[in-house]
2 protein chains.
Amino acid sequence: MVKRTSFEGDACPIARSLDAIGDWWSLLIIREALFGLRRFGEFQSKLGMAKNILSARLRSMVDHGILTMAPASDGSAYQEYVLTPKGRGTFPILVALRQWSEEFDDRPEAIATILVDREKGRPVKKLEMRAEDGRLLTPADTMLKPRPVPRRRSA
Amino acid sequence: MVKRTSFEGDACPIARSLDAIGDWWSLLIIREALFGLRRFGEFQSKLGMAKNILSARLRSMVDHGILTMAPASDGSAYQEYVLTPKGRGTFPILVALRQWSEEFDDRPEAIATILVDREKGRPVKKLEMRAEDGRLLTPADTMLKPRPVPRRRSA
DNA sequence: GGCACATGGTTTTATGATGCAACCACACAA
DNA sequence: TTGTGTGGTTGCATCATAAAACCATGTGCC
């Protein structure tokens, strides 16, 4: 079978993330959800995507524990899609993507919005990687280590 | 024309990033490149992907200014693919993806490696979003503002 | 209850993207 | 010059996506 490659069995955490949210639409759906969208129709009209694709993506993200279907909220009998903690945990990914575009996009004038600190109205600081003790790290300051095997009793 | 949706004309910087590196393979290629891989064959055998797809992705990333083709380096007449500053700038995105998986993956035991600070050998700290003045920000502490129009003279 | 319309999808069908294998071009060595 | 490895491209089968039509249920109104 040819079947599009799945990274689900891969041991690399980056690949595993991409397996869940690495398609063309999921992160945009999450972006809208973070800004308060909840209903099928809201996502569909805001993103302008085909309904069948939206349907498939929502289902997939529910399966991955990123969204949950909540029964109501505004009284109507319809359902809503709300982010789980796991879903809200993607926020740094979105910020990183946004900042990368802000810094390196070939046509920065095409970018319509900037993310600001609500209190001061000033742009948020660039994400930076730090060690446990607070030292600023570059990619070269890091390395990969095998995951420590958690010790457990016989079984 | 049906044509897979392109976000190139989109004003959202997240969509613009995804247009460049939002496909299934690009970020994994960049991941390997950050760890020193440079040759076509290295990427191909390490990632186990089809050569035509690799070829297309490399070309696309060269077009996007993420990779450059450098003439040599080890004496042979072959070419190499090396990351540009824009390409190296994706590092926070990769770290964010990795940390998301480390924190929320359903099967954390399947994750093989952890990213550590080379000096101390300790895991790097979680990326955190901060305001210009250093306050820690949650998603709710932020908002989107229209991009300020840079002032320019008549034309 | 019965009707019209909105919401929230699924189905159908066409096309683009992906995966695999085969093939090709060139460099390098003998 | 023949052989082998690297670095791709080409062809073809299959999968995923997109757009539009269709359908089921909810909701408002009488």
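Above this text is the structure in question.
Bear in mind that the values here come from a model prediction, so they are computed numbers and not experimental data.

Q: What exactly am I supposed to notice about the overall build of chain A here?
A: Across its full length, chain A carries six helices and four strands. Walking chain A from its N terminus toward its C terminus, one meets helices and strands in the order α-α-α-α-β-β-α-α-β-β. Over its C-alpha trace chain A gives a radius of gyration of 19 Å, far above what one expects of a compact globule, namely 15 Å for 155 residues. Taken along its principal axes, the extent of the C-alpha atoms in chain A is 50 × 50 × 35 Å. In chain A, buried positions account for 43% of the 155 residues.

Q: How do you make sense of the relation of the copies chain B and chain A when you look at a structure like this?
A: Mapping between the two chain copies consists of a rotation about an axis together with a translation along that axis. When chain B is brought onto chain A, the operation consists of a screw motion whose angular component is 180 degrees and whose axial shift is 0.0 Å, with 0.0 Å RMSD remaining. Put plainly, the chains are arranged around a two-fold axis.

Q: Would you take a moment to explain the interface of chain B and chain A for this structure?
A: Interface extent is often summarised as the accessible area lost during association of the parts. On the chain A side, the residues contacting the 81 residues of chain B number 81 residues. Surface buried jointly by chain B and chain A totals about 8100 Å² across both partners, of which 64% is contributed by carbon and sulfur atoms. For the pair chain B and chain A, the number of links is twelve salt bridges. Salt-bridge contacts for B:D117 lead to A:R135; the nearest nitrogen and oxygen are separated by 2.5 Å. In this assembly, chain B and chain A are joined by 36 residue pairs in polar contact (both at pLDDT 80 or more).

Conventions adopted
- Residues numbered from 1 in each chain as written.
- Chains lettered and ligands numbered in written order.
- Predicted model: local features only at pLDDT ≥ 70, side-chain atom pairs only at ≥ 80, totals over all residues.
- Heavy atoms only, no water.
- Helix = DSSP H or I, 4+ residues; strand = E, 2+ residues; numbered from the N terminus.
- Rg over C-alpha atoms; globule rule 2.2 N^0.38 Å.
- Buried < 20%, exposed > 50% of the residue type's maximum accessible area, 1.4 Å probe, protein only.
- Least-squares fit on C-alpha atoms with pLDDT ≥ 70 in both.
- Contact = heavy atoms within 4.5 Å.
- Buried area = accessible area lost by both parts, 1.4 Å probe.
- Salt bridge = Lys/Arg side-chain N within 4 Å of Asp/Glu carboxyl O.
- Polar contact = N/O pair within 3.5 Å; in protein donor to acceptor, adjacent residues only side chain to side chain.

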